[in-house]
Structures are given as structure tokens and as C-alpha cells.
Amino acid sequence: MEQTLLLNASYEPLKVVNWQKAITLWCQGKVEVIAVHDREIRAVSVSFKLPSVIRLLRFVRIKRRVDYVPFSRASIYARDKHTCQYCAHVFPTAELTFDHVVPVAQGGRKDWENIVTCCVSCNRRKGGRTPAEAGMHLLRPPRRPPPGTSVRIKLTLNFAPESWRDFLYWNSELDES
């Protein structure tokens, strides 16, 4: 399903939202539509094209802490460079999962020091055991990224809609591959 790029009033990219959220913001009068997808949505009395790029009408100040990297699946994959920490193979995001080094059933927590990037095959092989119990070894122990580390989102131009490309130079690295 089509996604929508949300821009601040200053045209700085904020995030990607689903098309339903984009239409809700538009109906509430909070955004203007900058570009649309080819796909059209029809209701009983109205039809319109799905928004591809929307811009907030009011500027939203984003508090960006330099010393803080948010704990998220994408941040874990970026920290581990999309590499399975057991078999050392690099995978696309769709083929990755994350693994609790110490399983939750054994008291493991969901934090930087206990979660690693893992391929589905290695995750199944390890199961609900520790790496030692499963006879597996980590490439490197999981750690919280150091303060000041920025995790860049890398978008492949082949997958970013054409209508987004003029807005992605702000804080994203574009890859021509």
C-alpha cells in the first residue's frame, strides 16, 4: 500500500505515514497535499488520489537530542549494519528479525545490551536458548550506541517514489543502487 512522506512546514522530512493517516490530517485541515500517487480512492460521493507528499501547515519543533539514539528495530539493524550477529551474513530488512541474547523466559530484557540483529534461520536455530546453550557465537556483544552517534536512514532511490526525491536531501542519505 502507498505510503506518504510527511514534511514540516519548512519542507523538512519528518517521517513516513500510511495513506489513511495522511488523509485524516488533510481532512482535519492540518496539512496540504504537495504530490499524489497514481492510485485513486473512491467513496460514495467523492474520489481523490492518494497523497504521496504532504506538508504541515504549522511548523512543529522537533527536539533532537544529540546524545540519544532511539531504541527501535530500525536502529538495531543500523547498529548491526543489517548483519546477522550469528552467521555474519548481510540481509535486506525484510529478511531480518531481532533476537534476545538472553531469552525473556530466562530474565532477558528488551534493551540495547540484549537485542541483536538476526536472520530468521539463525533465530529459529537458537530458539529460546542462550547462544552458549545453542552452540552459537555472537560476532560482537550488543552495546548501546555511544552518545553523539547518529543512525542514518538509507533509502534506495529505486524504492522511493519519484515525488519524494526532491525532499529527501535534508537528513537522509540517498543511494543510487
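Note on numbering: residues in each chain are counted from 1, in written sequence order. In view of the model being predicted, local features appear only for residues whose pLDDT reaches at least 70, and side-chain atom pairs are presented and counted only at 80 or more, with totals across whole chains, interfaces and linings using the full set of residues. Note: side-chain values were computed over all heavy atoms of the structure, leaving out hydrogens and water.

1. Notes on the packing of aromatic side chains
Put simply, the rule is: For this analysis, a ring pair means two rings from Phe, Tyr or Trp (six-membered ring only for Trp) whose centres lie within 6.5 Å, classed as stacked if their planes differ by under 30 degrees, edge-to-face if by over 60, and tilted for the remaining angles. Numbering goes from the N terminus for both helices and strands, where a helix is a DSSP run of H or I of at least four residues and a strand is a run of E of at least two. Under the scheme applied here, a residue whose accessible area is under 20% of the maximum for its type counts as buried, over 50% as exposed, and between as partly exposed, the area being computed with a 1.4 Å probe on protein chains only.
Counted according to the given criterion, the structure contains two aromatic pairs. Taking 5.7 Å as the distance between ring centres and 50 degrees as the angle between the ring planes, the aromatic pair formed by W26 and F48 counts as tilted. With a gap of 22 residues between them, W26 in helix α1 (residues 19–27) and F48 in strand β4 (residues 47–56) connect regions that are remote in the sequence. The class of W26 is partly exposed, set by a relative accessible area of 40%. On the basis of an interplanar angle of 80 degrees and a centroid distance of 5.3 Å, the ring pair of F71 and W112 is categorised as edge-to-face. Of this pair, F71 sits in the loop between β4 and α2 (73–79) while W112 sits in the loop between β5 (96–100) and β6 (115–119), and the two are 41 residues apart along the sequence.

2. Some words on the nonpolar core
Using the following cut-off: We call a set of buried Ala, Val, Leu, Ile, Met, Phe, Trp, Tyr and Cys residues a nonpolar core when their side-chain atoms join them within 4.5 Å. Two residues qualify as a contact provided that any one of their heavy atoms is within 4.5 Å of a heavy atom in the partner residue.
With nine residues, the main nonpolar core is built from C84, Y86, V101, V116, C118, C119, C122, A134 and M136. Of all the elements, β6 adds the most residues to this core, at three residues. Each residue touching C84, except ones within four places of it in the same chain, is listed here: H89, F91, T117, C118, C119, C122 and L139. Of all hydrophobic cores here, the second largest spans eight residues; its members include L5, A35, V53 and W164.

3. A closer look at the confidence of the model for the chain
Using the following cut-off: On a scale of 0 to 100, pLDDT captures the predictor's confidence in every residue.
Per-residue confidence for the chain gives a mean pLDDT of 86, with 85% of residues at or over 70. Long-range and interchain partners of residues 170–177, a stretch whose pLDDT sits below 50, account for 23 contacts in this model, where long-range means more than four residues apart.

4. Digging into the sheet that holds strand β1 (residues 3–7)
Note the following rule: At least two DSSP bridges between two strands are needed for those strands to be called paired. Throughout, an axis means a line fitted to C-alpha atoms (over the contacting stretch in the case of helices), and angles, computed between N-to-C directions, take values from 0 to 180 degrees.
Sheet architecture is open: four strands sit in the order β2-β1-β4-β3, paired in mixed fashion. Looking at strand neighbours, the two that pair on one side only are β2 (13–18) and β3 (31–42), the edges of this open sheet. For this sheet, the mean angle separating the axes of adjacent strands, direction not counted, is 30 degrees. Taken together, the three bridges between β1 and β4 define a ladder with parallel strand orientation. The residue of β4 that forms the bridge with L5 is V53.

5. What about the environment of L138?
Take L138: it is sitting in the loop between α4 (131–134) and β7 (154–156). Residue class for L138 comes out partly exposed when judged on its relative accessible area of 25%. As for L138 and C84, which are separated by 54 residues in sequence, their C-alpha atoms are 9.0 Å apart. For L138, the contacting residues outside a window of four places in its chain are Q85, Y86, V101 and V116.

6. Remarks on unusual backbone geometry
One non-glycine residue, K81, lies in positive phi territory at about 55 degrees. Mapped onto the elements, K81 comes out in the loop between α2 and β5. If you check the backbone angles, H82 has positive phi at about 55 degrees while not being a glycine. Following the sequence through the fold, H82 ends up in the loop between α2 and β5.

7. Description of the pattern of salt bridges
Condition: For this document, the term salt bridge refers to a Lys or Arg side-chain nitrogen within 4 Å of an Asp or Glu carboxyl oxygen.
Within the structure shown, the criterion is met by six salt bridges. Residue R39 pairs with E2 through a salt bridge whose shortest N-O separation is 3.5 Å. Taken together, the positions of R39 in strand β3 and E2 in the segment before β1 put the pair 37 residues apart, joining distant regions of the chain. Classification of E2 by relative accessible area gives partly exposed; the value is 24%. For D80, the salt bridge is made with R79, and the minimal N-O distance between the two is 2.9 Å. Among the residues examined, D80 registers a relative accessible area of 3% and is labelled buried.

8. What to know about the pairing of β4
Within β4, seven of the 10 residues are buried, which leaves it mostly tucked inside the rest of the structure. Judged from the eight bridges that link them, β3 and β4 form a sheet pairing that is antiparallel. Note on β4: the bridge partner recorded for I41 is F48. Hairpin connection, β3 to β4: the antiparallel pair is bridged by four residues.

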